[in-house]
Amino acid sequence: MLDADLAHERVYVKGLYTRLDELREEKRTQLAAVRKAGAIGSIQNISERDAFAAMYEDRLAQLDAVEDRLVFGRLDLDGGESQYIGRIGLSTEDLRRLMVDWRAPEASHFYQATAFDRQGVRRRRHLILQGRDVKAIEDDVLDAEMLADGGAHHQGEGALLAALNSKRTGRMADIVSTIQAEQDRIIRAPMSGALVVQGGPGTGKTAVALHRAAYLLYSHRDRLKSAGVLLVGPSSSFMKYIERVLPSLGETGVVMSSVGRLMPGITGVPEADARVAALKGSQRMVGLIAAAVANRQRIPATERILDVEGYKILLSPRQVRRARDKARATGKPYNEARNTFVKILLRELTEQLQSKVEASGSGNTTDRSYLAEDVRQSRDVRVAVNLCWMPMTAEKLVSELFGRRSILDSVAAGFTEEERDLLRRPVDAPWTEADVPLLDEAAELLGELDASTGHEAARRESERRRDLENAQQTLANIDASLRDQGIDGVVGAEELVAFQQEQETRMTAAERAVGDRTWAYGHIIVDEAQELSYMQWRLLVRRCPVKSFTIVGDIAQTSAAAGASSWGRALRPFFGDRWTLEELTVNYRTPSQITEAATRMAAAAGLVVSTPKAVREGRWDPIVERVTPAADGTAGHGDGSSAVVRRLLEVLPGELEAADGGLVAVIANGPLVRTAREALRAAYGKRVGSGAGSFEQDIVVLDPREAKGLEFDVVVVLEPSALLDHEHGKVGDLYVAMTRPTQRLRLISEGPLPAGIGQVAAGA
């Protein structure tokens, strides 16, 4: 029976791939045809040609992205029919459905049906593919009558356990074929409002967030296609680790950014001093930046005499104050209000000049219009006006605020001398992740430096509305056969407008959003959200005025100095009570022995952690080693690095053998990271890297911050007490480090072990 079922599935899956190839060829043919047509005909014809060319390109990219594991499941229903579940929907030319998109409502039964709540499902079948061939099948028979009737009941290792025991590759894989019921419920939750997903290590928080992004784009295509989805992660290594997941789910329109790149044109580096990070992340920065902006609107202490074409005119403090107050009353941002300020002053100075000219009896007595231009072009006037209200960029404002002590002292009245010293930095110092929300805050208050950009944006929006009306009329005239046969969906007017741009300049909503600080996203997903400061939350909420968020994290893993101690404290200033909490309760990644060890350590340190239940027991207990300093007395950097690194070199061959082709991570802090990396590179060469690793670099050395959100087959933690005792140390750092492995954990220390670690089973 197994052989017959396997043969049947192979034939069906072969047919699905045949249909996929047909659609690819169809799109290539259609794309070649519209390209061959060239720029001929009316403007509307050319526009429609470009629109369809872009559509075919996008659809072809989607079809190419789902090659791997195209189909992964089948449902046998009470009515006798079967449904195949895959990455996208597929239909025949006559609209007979071949495969259901995993995001479709009817596909939810694949993830949620149980023997106690069958939801009309008799049997759920997992298809395990290798390339385009079905290598194995596994059945979950939910209907007892089917078993009684002799229905097939094929059991194997289990699709979930097979995925969990697979080797790490340095890139996150999607879990679309193994989504569990509690994960599926969160993925399909309503989009409106803020949804907080709390989960301990290994519960699949990141996977849930990514699949939720794909689901929302499928279910709310009309809204999110034009507004876009932003996904924010903790580091560039993390973003590289997850970058392939969404394309494999058929979605390429999500903007993905680390917290240091949320300001266009800026790449923030980690803040070196935890005290500075905590200060810059605090709510007090709102008032400081506002005061810094207001400080650039200055009233001269005395009157100033200005020379305009040989005439002496007077600029008084009273004039400047009156112009400033009127400009502020407009409520416009700094740079836009400056235009009002300048116009008022120039008008008053021109009136003075006109009186001087008329009193002298010189010049043209009938036309005085040239006088306004004389005032505007006067060097004295330009210098005086700029001294009172200088045009300003966010970068200039913040760099001078922290780089010039006189400016900082003038606006930081509520800050101590020590805090001001912490904020000081060279004007040309690189921007940090803690600076990014301050730059965004400044940009919001300053507005556009060039006011004409606002008029240009209004003009573009007017053109877009006109194009939208034309697109709606065009679609009404397009033959229904141009709609994709049940799989491309219906082309909307919004999509057609976007596609009607010239091919070389056409950008998706995601591409436009990347370079536009003021872009309003339709939904934002935040991973490792417990690390965000008040100012970073303020930036993100500004990016999504409708406050539609998916917030993913684990309070117990907070390590950032300005991070959250509770979800309520972090979110209440921005969402009030309008957020809901869901919790993931099952640890899929970490073996039970390692989970228990990390939990004991955290509990001994007073850290309250969620304790998700591990689904599997590992082959190895955690190994804890104490080493003694080298006999020659060398102690490296004073932290036992020579002895610890020497032991690392001795045990690493065994750890690589245990990884069996997977990835080994060495996690440490401070100078020990550099020392370990140099020693390993001397021994293993190019196999040693950083970040999430790869097939070529199966040994990585990194600190707990870089390791956050990543996973490895084997983890070796060096000097665990140093993860707690250094200036950035938090219990969360060691907890993160200990919960990264999927198979095996080893801790090596010369110094004292943190409380609770000694209870871990020792090994050799």
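- Looking at an unreviewed UniProt entry, one finds the protein named AAA family ATPase and attributed to Sinomonas puerhi.

### Describing the overall build of the protein
Part 1: Along the protein, the regular secondary structure elements total 31 helices and 22 strands.
Part 2: Within the protein, counting contacts between residues at least 6 apart in sequence, those at least 24 apart form 73% of the total.
Part 3: When the accessible area of the protein is evaluated, it comes to approximately 33,700 Å², of which 51% is carbon and sulfur surface.

### Looking at the confidence of the model for the protein
Part 1: In this model, the protein carries an average pLDDT of 85, and 84% of its residues clear a pLDDT of 70 or more.
Part 2: Mean pLDDT in the protein bottoms out at helix 22 (residues 493-499), which sits at 56, and peaks at helix 20 (residues 436-446), which reaches 97.
Part 3: Between residues 479-490, whose pLDDT stays under 50, and residues either more than four places distant or in other chains, the model counts 20 contacts.
Part 4: The low-confidence segment residues 501-505 (pLDDT under 50) makes 6 contacts with residues lying over four places distant or belonging to another chain.

### Structural notes on the nonpolar core
Part 1: Phe-341, Trp-537, Leu-540, Phe-549 and Ile-551 are the most contacted members of the largest nonpolar core, which has 86 residues in total.
Part 2: Considering each element in turn, this core owes the most residues, 10 residues, to helix 14 (residues 334-360).
Part 3: Sequence-distant contacts of Phe-341, that is, excluding residues within four places in its chain, are made with Val-320, Ala-323, Arg-324, Ala-327, Val-385, Cys-388 and Trp-389.
Part 4: Of all hydrophobic cores here, the second largest spans 73 residues; its members include Met-172, Leu-246, Ala-598 and Ile-667.

### Focus: the pairing of strand 11 (residues 311-315)
Part 1: With 5 bridges joining them, strand 10 (residues 304-308) and strand 11 adopt antiparallel strand pairing. Within the sheet, the bridge partner assigned to Val-308 lies in strand 11 and is Tyr-311.
Part 2: Linking strand 10 back to strand 11 in an antiparallel pair, the connection comprises 2 residues, with Glu-309 at a positive phi of about 55°.

### Here we look at the pairing of strand 21 (residues 712-718)
Remember that side chains alternate between the two faces of the sheet whenever the strand is regular.
Part 1: Counting buried positions along strand 21 gives 7 out of 7 residues, so the element sits mostly inside the fold.
Part 2: Here strand 18 (residues 664-667) runs beside strand 21; their pairing, made up of 4 bridges, is parallel. If you follow Val-666 over to strand 21, its bridge partner there is Val-716.
Part 3: Pairing of strand 21 with strand 22 (residues 741-749), which is carried by 6 bridges, proceeds in the parallel orientation.

### Some words on unusual backbone geometry
Part 1: Notably, Asp-660 is not glycine yet its phi reads approximately 50°, a positive angle.
Part 2: Judged by relative accessible area, Asp-660 falls into the exposed class, the value being 53%.

### Regarding the environment of Pro-201
Part 1: Position of Pro-201 relative to the elements: it lies in the loop between strand 7 (194-199) and helix 7 (205-219).
Part 2: Looking at Pro-201, the relative accessible area reads 3%, which means it is buried.
Part 3: The spatial distance from the C-alpha of Pro-201 to the C-alpha of Tyr-735 is 9.0 Å, given a sequence separation of 534 residues.
Part 4: Not counting residues up to four positions away in its chain, the partners in contact with Pro-201 are Asp-554, Gln-557, Asn-587, Arg-589, Thr-590, Pro-612, Tyr-735, Thr-739 and Arg-740.

### Observations regarding the pattern of salt bridges
Part 1: Throughout the structure, instances matching the rule amount to 59 salt bridges.
Part 2: Across the salt bridge formed by Asp-273 and Arg-275, the nearest N and O atoms sit 2.9 Å from each other.
Part 3: Taking the relative accessible area as the measure of exposure, Asp-273 reaches 17% and is therefore buried.
Part 4: One salt bridge connects Arg-589 with Glu-711, and the closest N-O pair in it is separated by 3.7 Å. Residue Arg-589 is located in the loop between strand 15 (586-587) and helix 26 (592-604), and its partner Glu-711 is located in the loop between helix 29 (704-707) and strand 21; the two are separated by 122 residues in the primary sequence. Each member of the pair Arg-589 and Glu-711 is classed as buried.

### A short note on the sheet that holds strand 22
Part 1: A sheet is described by the order of its strands in space; here 6 strands give the open sequence 17-22-21-18-20-19, paired in parallel fashion. Taken across any chain shown, the strands that pair with only one partner, and hence form the sheet edges, are strand 17 (623-626) and strand 19 (688-689).
Part 2: Here strand 19 runs beside strand 20 (residues 699-702); their pairing, made up of 2 bridges, is parallel. From the neighbouring strand, Val-688 faces strand 20, where its bridge partner is Ile-699.
Part 3: Where helix 28 (residues 671-684) meets the sheet, it contacts strand 18, strand 19, strand 20 and strand 21, and its direction lies at approximately 160° from that of strand 20.

### A closer look at the packing of aromatic side chains
Part 1: With the rule as written, the count across this model stands at 9 aromatic pairs.
Part 2: Between Phe-341 and Trp-389 the ring centres are 5.0 Å apart and the planes differ by 40°, which places this aromatic pair in the tilted class. Placement of Phe-341 in helix 14 and of Trp-389 in the loop between helix 16 (379-388) and helix 17 (394-403) is noted, with a sequence separation of 48 residues between them. Pair check on accessibility: Phe-341 and Trp-389 agree, each one buried.
Part 3: Taken together, the aromatic side chains of Phe-72, Phe-110 and Tyr-111 make up a single cluster linked through ring pairs.
Part 4: Above the face of the Phe-415 ring, Arg-284 is positioned so that its terminal group lies 4.2 Å from the ring centre.
Part 5: Sitting over the face of the ring of Trp-620, Arg-744 holds its NZ or CZ atom 5.2 Å from the ring centroid.

### Details of the packing of helix 14 against helix 16
Part 1: Orientation of helix 14 relative to helix 16, taken along the N-to-C sense of each, is 140°, at an axis distance of 11 Å. With respect to each other, helix 14 and helix 16 are oriented oblique. Considering only the axes of helix 14 and helix 16, their crossing is right-handed. Judged by residue contacts, Arg-338, Phe-341, Val-342, Leu-345, Leu-346 and Leu-349 of helix 14 engage Val-381, Val-385, Asn-386 and Cys-388 from helix 16.
Part 2: For the contact of helix 14 with helix 16, the per-class residue count stands at 8 nonpolar, 1 polar and 1 charged.

### Brief notes about helix 28
Part 1: Taking 1.5 Å per residue as the helical rise, helix 28 with its 14 residues ought to reach 20 Å, and the 20 Å between its terminal C-alpha atoms agrees with that figure.
Part 2: For helix 28, every residue scored as buried is listed here: Leu-672, Val-673, Thr-675, Ala-676, Arg-677, Leu-680 and Tyr-684.
Part 3: Looking one or two places after helix 28, you find Gly-685, whose phi comes out positive at around 60°.

### Examining the sheet that holds strand 1 (residues 71-77)
Part 1: Here 6 strands make up an open sheet; going across it, the order is 3-4-2-1-5-6 and the pairing mixed. Single-partner strands in this sheet number two, and they are strand 3 (90-91) and strand 6 (133-141).
Part 2: Relative to strand 4 (residues 97-101), strand 2 (residues 82-86) is paired through 2 bridges, and the arrangement is parallel. The residue bridging Gly-86 from the neighbouring strand is Asp-101, located in strand 4.
Part 3: Helix 1 (residues 2-37) rests against strand 1, strand 2, strand 3, strand 4, strand 5 (121-130) and strand 6 of the sheet, and its axis sits at about 120° to strand 6.

### Things to note about the UniProt feature "binding site: ATP" (unreviewed entry) in the protein
Part 1: Under the present numbering, the feature "binding site: ATP" (unreviewed entry) in UniProt falls on Gly-199, Gly-200, Pro-201, Gly-202, Thr-203, Gly-204, Lys-205 and Thr-206.
Part 2: As for its position among the elements, Gly-199 is in strand 7.
Part 3: Residue classification places Gly-199 among the buried residues on the basis of a relative accessible area of 0%.
Part 4: When sequence neighbours within four positions are dropped, the list of residues in contact with Gly-199 reads Lys-205, Gly-553, Asp-554, Gln-557, Leu-584 and Ser-610.
Part 5: Topologically, Gly-202 is positioned in the loop between strand 7 and helix 7.
Part 6: With residues up to four places along the chain from it excluded, the contact list for Gly-202 reads Val-586, Asn-587, Tyr-588 and Arg-589.

Criteria and cut-off values
Residues numbered from 1 in each chain as written. Predicted model: local features only at pLDDT ≥ 70, side-chain atom pairs only at ≥ 80, totals over all residues. Heavy atoms only, no water. Helix = DSSP H or I, 4+ residues; strand = E, 2+ residues; numbered from the N terminus. Contact = heavy atoms within 4.5 Å. Areas by Shrake-Rupley, 256 points an atom, 1.4 Å probe, with all protein chains shown as cover. pLDDT = per-residue confidence, 0-100. Core = buried A, V, L, I, M, F, W, Y, C linked by side-chain atoms within 4.5 Å. Buried < 20%, exposed > 50% of the residue type's maximum accessible area, 1.4 Å probe, protein only. Pairing = 2+ DSSP bridges. Salt bridge = Lys/Arg side-chain N within 4 Å of Asp/Glu carboxyl O. Axes fitted to C-alpha atoms, helices over the stretch in contact; angles between N-to-C directions. Phe/Tyr/Trp six-rings, centres within 6.5 Å; stacked < 30°, edge-to-face > 60°. Lys NZ or Arg CZ within 6 Å of the ring centre and 35° of its normal. Parallel < 35°, antiparallel > 145°, perpendicular 65-115°, else oblique. Left-handed = near helix turned anticlockwise from the far one by under 90°. Nonpolar A, V, L, I, M, F, W, Y, C, P; charged D, E, K, R; others polar. Expected span 1.5 Å × (residues − 1). UniProt positions renumbered as here; feature names shortened; annotations may be inferred.

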